[in-house]
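Summary of structural features
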Amino acid sequence: MPGLIAALHGWANQSQDDRWLRSLTARFSLLAGVRQEEYGWLASGRLASRSECLEGSFARHVVVLGAIDEAADIRAGSAAETYAQALTRYGPDADAHIVGNYAAIALLADGSVRLARSPWDAPPLHFTNDARRMIAAPRLELLFAGGAEAELDYDRIVDQLAYDFRDNEVKGWYRDIFAVPLGSVVTCRPGEWSVDRWYDPVTFLSGERVPPSEAAGQAYTLLQQAARHALRRSDSPALALSGGLDSPLAACALLDELPPDHSLTSITFRPHADWDGECAPGSMGDEWPLVQDFAAMHPRIAAHEVRADMDRLAEDERELLRAMRLFAPGIANIAPLHTLFREAKALGCDAVFTAGLANQSYSQDGRWAYVEKFRHGRWASLLRQLSARPGDNRSLLRKFAALSVLPQLPASARKGLRALVHPGRGDMLALLTPLSRQALAAQRSRAAGRGGQSDWDDQTFPRSREEAVRHDHYAADGEGADVEWALGWRHGLAPVDVTAYRPLIEFCLGLPTASFTDEEGERSLARQMALGRLPEAQRTNTDYGAHGADWLVELGERRDEYREALKVMRDHPFLSRVIDLERVERLVDDWPERPSQDIDEDWPRMLAIPRAILAARFIGVVEGRNDL
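The text that follows walks through the structure, step by step, so that each part is easy to find.

Reading the values: rules and limits
In this numbering scheme, every chain counts its residues from 1 along its sequence in written order. For this predicted model, a pLDDT threshold of at least 70 governs which residues receive local features, and a threshold of 80 or more governs which side-chain atom pairs are given and counted, while totals over whole chains, interfaces and linings are taken from all residues. Side-chain metrics rest on all non-hydrogen atoms present in the structure, leaving aside hydrogens and water. Helix and strand labels come from DSSP, where a helix needs a run of H or I of at least four residues and a strand needs a run of E of at least two; each type is numbered from the N terminus. Using C-alpha atoms as the atom set, the radius of gyration is obtained and then compared with a globule rule of 2.2 Å times the number of residues to the power 0.38. Think of it in three bands: residues with accessible area under 20% of the maximum for their type are buried, residues over 50% are exposed, and the middle band is partly exposed, with areas taken using a 1.4 Å probe on protein chains only. Whether two residues are in contact is decided by their heavy atoms: any pair within 4.5 Å suffices. A 1.4 Å probe and the Shrake-Rupley method give the accessible areas. Residues count as covered only by the protein chains that appear here. A 3.5 Å cut-off defines polar contacts: any pair of N or O atoms within that distance qualifies, except that in protein one atom must be a possible hydrogen donor and the other a possible acceptor, and neighbouring residues in sequence count only when both atoms are side-chain atoms. Whether a set of points on the 1 Å grid over the protein atoms alone is a cavity depends on a 1.4 Å probe fitting there but being unable to get out, while an open set qualifies as a pocket with protein on both sides within 12 Å along at least five of seven lines; lining residues are those with an atom within 4 Å of a point. Grid points are joined across faces, edges and corners, and a volume is the space filled by probe spheres set on the points. For this classification, Asp, Glu, Lys and Arg are treated as charged, while Ala, Val, Leu, Ile, Met, Phe, Trp, Tyr, Cys and Pro are nonpolar and the rest, including Gly, are polar. In this scheme, a helix's expected span is set at 1.5 Å multiplied by one less than its residue total. Whether two strands pair depends on DSSP finding at least two bridges between them. Simply put, an axis is a line fit to the C-alpha atoms, just over the touching stretch for a helix, and the angle between two N-to-C directions goes from 0 to 180 degrees. Here is the rule: rings of Phe, Tyr and Trp (six-membered ring for Trp) pair when centre to centre is within 6.5 Å. Planes less than 30 degrees apart are stacked, more than 60 are edge-to-face, and the remainder are tilted. Residues qualify for a patch when their relative accessible area is over 30% and they have no salt bridge, like charges being joined within 9 Å and the nonpolar side chains of Val, Leu, Ile, Met, Phe, Trp and Tyr within 5 Å. By salt bridge we mean one thing: a side-chain nitrogen of Lys or Arg within 4 Å of a carboxyl oxygen of Asp or Glu. The cut-offs work like this: below 35 degrees is roughly parallel, past 145 is roughly antiparallel, 65 to 115 is roughly perpendicular, and the gaps in between are oblique. Crossing handedness is read from the near helix: turned anticlockwise from the far helix by less than a right angle, it gives a left-handed crossing, and turned clockwise, a right-handed one. In this text, buried Ala, Val, Leu, Ile, Met, Phe, Trp, Tyr and Cys residues form a nonpolar core when linked through side-chain atoms within 4.5 Å.

Within the protein, the secondary structure is distributed over 25 helices and 20 strands. Against the compact-globule benchmark of 25 Å for 628 residues, the protein has a radius of gyration of 25 Å, which places it among compact chains. Evaluated residue by residue, the protein yields a buried proportion of 56% over its 628 residues. Contacts in the protein between residues far apart in sequence, at least 24 positions, make up 72% of those at least 6 positions apart. As displayed, the protein has an accessible area near 25,600 Å², and 49% of this comes from carbon and sulfur atoms.

On the secondary structure map, T499 appears in the loop between β17 (494–497) and α18 (502–509). Only 2.6 Å separates the side chain of T499 from the side chain of D497, close enough to count as a polar contact. Discounting chain neighbours no more than four positions away, the residues touching T499 are L223, T354, A355, G356, L357, A358, Y362, L504 and I505.

A few words now on the layout of surface pockets. One way to see where empty space is left: roll a probe the size of a water molecule over the atoms. Space inside the second largest pocket adds up to approximately 700 Å³. Lining the second largest pocket are 33 residues, with G66, A67, I68, N101 and R233 sitting closest to its centre. Elements supplying a minimum of two residues to the lining of the second largest pocket: β4 (59–71), α2 (79–90), α17 (480–491) and β17. Of the residues assigned to the lining of the second largest pocket, the class counts are 17 nonpolar, seven polar and nine charged.

This part covers helix α8 (residues 313–324). Taking 1.5 Å per residue as the helical rise, α8 with its twelve residues ought to reach 16 Å, and the 16 Å between its terminal C-alpha atoms agrees with that figure. Regarding α8, the residues found buried are L313, A314, D316, E317, L320, L321, A323 and M324. If you follow the buried residues of α8, they end up packed against α3 (140–145), α9 (335–346), α17, α22 (559–569) and α25 (599–623). Looking one or two places after α8, you find R325, whose phi comes out positive at around 60 degrees.

We now examine the sheet that holds strand β13 (residues 264–270). A sheet is described by the order of its strands in space; here five strands give the open sequence β15-β13-β12-β16-β17, paired in parallel fashion. A single partner strand is all that each edge strand has here, and the edge strands are β15 (301–307) and β17. Across the sheet, the mean angle from the axis of one strand to that of its neighbour is 30 degrees, orientation sign disregarded. Where strand β16 (residues 351–354) meets β17, four bridges bridge the pair, whose relative direction is parallel. Bridge pairing in β17 links F353 to V496. In this fold helix α6 (residues 246–257) packs onto β12 (237–240), β13, β15 and β16, with an angle of close to 150 degrees to the strand it touches most, β12.

This part is about the packing of aromatic side chains. Across all of its chains, the model carries 16 aromatic pairs by this definition. Ring centres 5.0 Å apart and planes at 65 degrees place the aromatic pair Y154 and F574 in the edge-to-face group. Taken together, the residues span a long stretch of sequence, with Y154 in helix α4 (residues 154–161) and F574 in the loop between α22 and α23 (575–578) at a distance of 420 residues. The class of Y154 is partly exposed, set by a relative accessible area of 26%. With a relative accessible area of 8%, F574 lands in the buried category. With a centroid separation of 5.1 Å and an interplanar angle of 85 degrees, the aromatic rings of F374 and W379 are classed as edge-to-face.

A few words on the environment of R539. With respect to the helices, strands and loops of the structure, R539 is situated in helix α20 (residues 536–539). Once residues lying within four places of it in the same chain are set aside, the contact partners of R539 are L245, R527, Q528, A530, L531 and L534.

Right, let's talk about a nonpolar patch on the surface for a bit. A contiguous nonpolar surface patch, about 290 Å² in accessible area, is contributed by L417, L420 and V421. Structurally, the position occupied by V421 is in helix α13 (residues 411–421).

The element strand β6 (residues 113–117) is extensively covered by neighbouring structure, given that five of its five residues are classed as buried. Side chains V113, L115 and R117 of β6 all project onto a buried face; the interleaved residues R114 and A116 project onto the opposite face, where all are buried too. Where strand β5 (residues 98–108) and β6 come together, five bridges link them in antiparallel fashion. Within β6, the position partnered with I105 by the bridge is L115. Taken together, β5 and the strand that follows it, β6, pair antiparallel across an intervening segment of four residues, in which G111 is found at a positive phi of about 95 degrees. As paired elements, β6 and strand β10 (residues 184–189) share five bridges and run antiparallel to each other. Across the sheet, L115 pairs through a bridge with V186, a residue of β10.

On inspection of all chains with the given rule, the structure shows 45 salt bridges. Notably, a salt bridge pairs D286 with R270, separated by 2.6 Å at the nearest N-O pair. One end of the pair, D286, is in the loop between β14 (283–284) and α7 (288–297); the other, R270, is in strand β13, with 16 residues separating them in the sequence. Look at D286 and you get partly exposed, because its relative accessible area is 22%. Two residues, E315 and R490, come together in a salt bridge whose shortest N-O distance is 3.2 Å. In this pair, E315 sits in helix α8 while R490 sits in helix α17, placing the two residues 175 residues apart along the sequence. Through salt bridges that share partners, D155, D159, D164, R166, E169, R446 and R450 make up one connected network.

Contact geometry of helix α5 (residues 212–231) with α6 gives a least axis separation of 8 Å together with a crossing angle of 65 degrees. Considering the angle they form, α5 stands roughly perpendicular to α6. Helix-helix and strand crossings are classified by hand; for α5 and α6 the assignment is right-handed. Residue-level contacts link Y220, L223, Q224, A227, R228 and L231 of α5 to L249, A250, C252, A253, L254, D256 and E257 of α6. Here the residues of the contact of α5 with α6 sort into nine nonpolar, one polar and three charged.

This next bit is on the nonpolar core. Ranked by size, the top nonpolar core spans 99 residues in total, and within it L115 and I157 carry the most contacts. For this core, the element with the most residues is α25, which contributes twelve residues. Residue contacts for I157: discarding those within four places in its chain leaves L152, W173, F327, F574, A615, F618 and I619. One finds L255, A295, A494 and A530 within the second-largest nonpolar core, a separate group that totals 50 residues.

The subject of this paragraph is the environment of R197. Summarising the element assignment, R197 is placed in the loop between β11 (192–196) and α5. Taking C-alpha positions, R197 is 7.8 Å from P181, a pair spaced 16 residues apart along the chain. If sequence neighbours within four positions are ignored, R197 has contacts with N168, E169, V170, P181, G183 and S184.

This is the structure:
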């Protein structure tokens, strides 16, 4: 299961450290074996370790959560020992010389405290710091137990419901509590802290490094290296396997790195048994048949199927929220993951492998190409690509306008034109959020004041490779790490993203657009890598997995539960003000017999209802209420 680190450092008063330590150990029986180290360090869990550095070194003490796979010119040891050596050799630039997925805390020789998270993927790391003490840990509850105030920023809940995720921010969910961003170092001193965002993925863009004809082979070699490192973190993993390209390619790489007589356990979640089989054009709701064909091609894959256990959904959601103590709306849509983790545990596995960052590396779709070719006057190639675009039955003129011209117009013009074509989607955010009009208007005003906006207020493809890369790196941050960590904690299994390997991601960043999309379609690099490794029908399939295709059945079964929750929400001062309870009730009561496959009709029910209920459950956790 996920390990745990915590650091509590009093700048002046050691007796305060002792008091906070007693509070920690009394509140968390899981920390029963934790001892107070010199300078107030705490470390616990099999993935966490402590290193004492030599006198005169850059750091005095180091604790690390996660894994370090490679470190330039450094003798391998525990994660903490390796990190300590990197600090000694490279000083402030140490993280640039380390490859892994980690969060690290170091007490430096000058008395400051250094907090760091690796780029692209890392355990969460929250901290608070003032003139009295510094506390840091992946779990907010540890900061509260150490004396930090649990004063929630309720506006942050509204931001999340407005799809304004504020990814990559340092500001946290509670007053005077902050979060270390991915690819950053935070240095704490008495009463002050500073952040160094040392990692910039755009620096790896070149477009000239490897010709498309050679890219697939080199990318797969790096995927094999990623698989080798992932397997070092687990004795018996289970891979979450889909019928697409990403996880099957990861499965192939894992099989290459496993001994020939070893099998690979895979688990695929399927829709509700009462699902009618209908899904939107261009999507697939049940990927199990494709997984079966893939497993037949690779007999060493021990394939298992699961369906979501909806009876435990409310319990699962509350437990994740208790573990995280922050609100992540995506929890409302991950019921199948709970079932998948339970199945992995029942099969005797110790980790769940995924391929979550494949879309940021070898499975990138390259959709910025439609604007790129327009800007460079590559008209013939653009028109051929638009004509052959799979799953898009619009006229050539409509596709040209939507994919090449519209993204380049001002945001207000894009919104106005979309409203003309799709009158019901003039305000997509208002359509999809459960927020009241007043709450949404106030949120938009606040967001504009800090230069932010909702993802749904300007939904468009990236206009350039640089824009796509920055969006991907920001989106990799946010609450996703907290959800992943809490899932592992809830089920006692370590979550491991096989594709979260910096050399693989950075290699793909250096490839030209032509490696990812060509006149035959998008995701061309992944399809080339899949030649001979995936069944041809799967390799050439352009449908995407629609994991919520059975939403009508799953949500429909819980309508009575939702009605009761909405009644309680009416008496809550915050929820009754920010949630449009009457609209949510109408959506629950006016239940269709079958999905319309129309965004205007289906998506408000799929998204607004469960997120409103989840927000109430989070408030219940924070306020200690059992009726929400």
